Structure formats: structure tokens, C-alpha cells
Amino acid sequence: GGSGSFLRLLSSFRTFLRVSTWSSACGVACPFDGLILRSLGYSRLVLQIGRGKVVPEPLSTESFALDVYRYKDSLEEDLQKADLVISHAGAGSCLETLEKRKPLVVVVNEKLMNNHQLELAKQLHKDGHLFYCTCSTLPGLLQSMDLSTLKCFPPGQPEKFSAFLDKVVGLQK
């Protein structure tokens, strides 16, 4: 509604996890077994693994389902259905998710040099739009985060996001 928060009152939550570019850095063993997500009330995890070397087996039980794929022509449907998106911290992925008003957790790849992803994640977190972590801190963040504290990202202002990105990467003062 009009509250501007992401609080969702649903009986079964769906998580969309984009790990394509950092799966090899994290070694998708983090919390992607679904235990933490299940304990938080999530019943489905859709995992986009891209070029990832680790390919989890899809599973379906009475209480939890794991769907796995490398690529799709469009992520639109997965993003629309998601109650939580966990993604790498690429600018395009962040913007695409935030514009859909989905709660977002970004996992920063610490192995990247000149880490603009970290700067972007820090700023968007400071502005209240997302949570960020590293692979090792993701399980703790998932258990401690309060999605109701997130603020909706202002829609349809790509020029503001572009200016913001320029500032983050040092192209403007």
C-alpha cells in the first residue's frame, strides 16, 4: 500500500536468488540449502546460477521447493513473483530489482578490484533501499534483517540513478 515499506503479509514467501557472477566466488554452499530461508517462512527458492560451477539439485518437498536454471530470456516473471531478491551488486541488477519495488539483499564480491559494487551497495543501504553483505555474512543478515525498514526506490528516474552511479564511481563530485 501507501506506507512505502516492503512489509509483506503472505503465508508462503518466494525468494529469487541471482548468483550468476559471484557463485564461483562464494561457492554456492552459503545458505542456499534453504534451511535459513525455510526457518524465515520462505517456501520456494528460484536460483539463477549463470556460469556458476556449482549446480545445486532442484528439489521439491511438501514445505520447500528449489528451482535452478542458468539463464532465461527474461527475469521479469521471477522478479515479479519474488518476495525477496538476493543478488550480486551489479548496478543493472540493483536497479532492475528496486524499480520493481522488491526487497533486495546484495552480496558484494570482495574479490573484485576497485569495488564499485561495494560503494553502490553502501550508498543504497545508507538511503534505506537494500541490505548488503558478503558471502560469509549472508546467513547472519538473513536472520537479522527487518524488511519493513526498507524504503521504496523512487520509480522511473534513470537519470537520477545514472548521476548517482557517476558519483559513486568518482566521475562527478
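Everything that follows concerns the structure shown earlier in this document.
Every value quoted in this text rests on a predicted model; they were computed, and no experiment measured them.

1. Considerations on the overall build of the protein chain
The helix and strand tally for the protein chain stands at seven helices and seven strands. Listed by position from the N terminus, the elements making up the protein chain come as β-α-α-β-β-β-α-β-α-β-α-β-α-α. For the protein chain, the residues scored as buried account for 46% of the 173 residues in total. Of the roughly 9000 Å² that the protein chain leaves accessible, carbon and sulfur atoms contribute 53%.

2. Observations concerning the side chain of Asp78
Relative to the assigned elements, Asp78 resides in helix α3 (residues 76-81). At 2.6 Å, the side chain of Asp78 and the side chain of Tyr69 are in polar contact.

3. A look at the environment of Ser87
Structurally, Ser87 can be placed in strand β5 (residues 84-88). Classification of Ser87 as buried rests on a relative accessible area of 1%. Once the C-alpha coordinates of Ser87 and Val105 are considered, the two residues, 18 residues apart in sequence, prove to be 6.4 Å apart.

4. A few points about the nonpolar core
Ranked by internal contacts, the top residues of the largest apolar core, which has 21 residues, are Leu84, Val105, Leu142 and Met145. Those elements that place two or more of their residues in this core are α2 (35-39), β2 (42-48), β5, β6 (104-107), β7 (131-133) and α6 (138-144).

5. Observations regarding the pattern of salt bridges
One pass over the structure, following the stated rule, counts four salt bridges. The partner of Arg44 in a salt bridge is Asp67, and the shortest N-O contact between them spans 2.9 Å. Of the two residues, Arg44 sits in strand β2 while Asp67 sits in strand β4 (residues 65-69), which places them 23 residues apart along the sequence. By relative accessible area, which is 27% here, Asp67 ends up partly exposed.

6. Some thoughts on helix α5 (residues 116-126)
All of the buried residues along α5 are Gln117, Leu120, Ala121 and Leu124. Down the axis of α5, the sector holding all buried residues measures 100°, keeping them to one side. Following α5 by one or two positions, Gly128 has its phi on the positive side, about 85°.

7. Digging into the packing of aromatic side chains
Overall, the coordinates contain zero aromatic pairs when judged by the stated rule. Lying over the aromatic face of Phe64, Arg38 brings its terminal NZ or CZ to 4.7 Å of the ring centre. Sitting over the face of the ring of Tyr69, Lys72 holds its NZ or CZ atom 4.3 Å from the ring centroid.

8. Topic: the pairing of β4
Across five bridges, the pairing between β2 and β4 is parallel. Within β4, the position partnered with Gln48 by the bridge is Tyr69. Relative to β4, strand β3 (residues 59-60) runs antiparallel, the two sharing two bridges. For Leu59, the partnering residue across the bridge sits in β4 and is Leu66. Between the end of β3 and the start of β4, which pair antiparallel, lie four residues.

What counts as what
Residues numbered from 1 in each chain as written. Predicted model: local features only at pLDDT ≥ 70, side-chain atom pairs only at ≥ 80, totals over all residues. Heavy atoms only, no water. Helix = DSSP H or I, 4+ residues; strand = E, 2+ residues; numbered from the N terminus. Buried < 20%, exposed > 50% of the residue type's maximum accessible area, 1.4 Å probe, protein only. Areas by Shrake-Rupley, 256 points an atom, 1.4 Å probe, with all protein chains shown as cover. Polar contact = N/O pair within 3.5 Å; in protein donor to acceptor, adjacent residues only side chain to side chain. Core = buried A, V, L, I, M, F, W, Y, C linked by side-chain atoms within 4.5 Å. Salt bridge = Lys/Arg side-chain N within 4 Å of Asp/Glu carboxyl O. Arc of directions from axis to C-beta. Phe/Tyr/Trp six-rings, centres within 6.5 Å; stacked < 30°, edge-to-face > 60°. Lys NZ or Arg CZ within 6 Å of the ring centre and 35° of its normal. Pairing = 2+ DSSP bridges.

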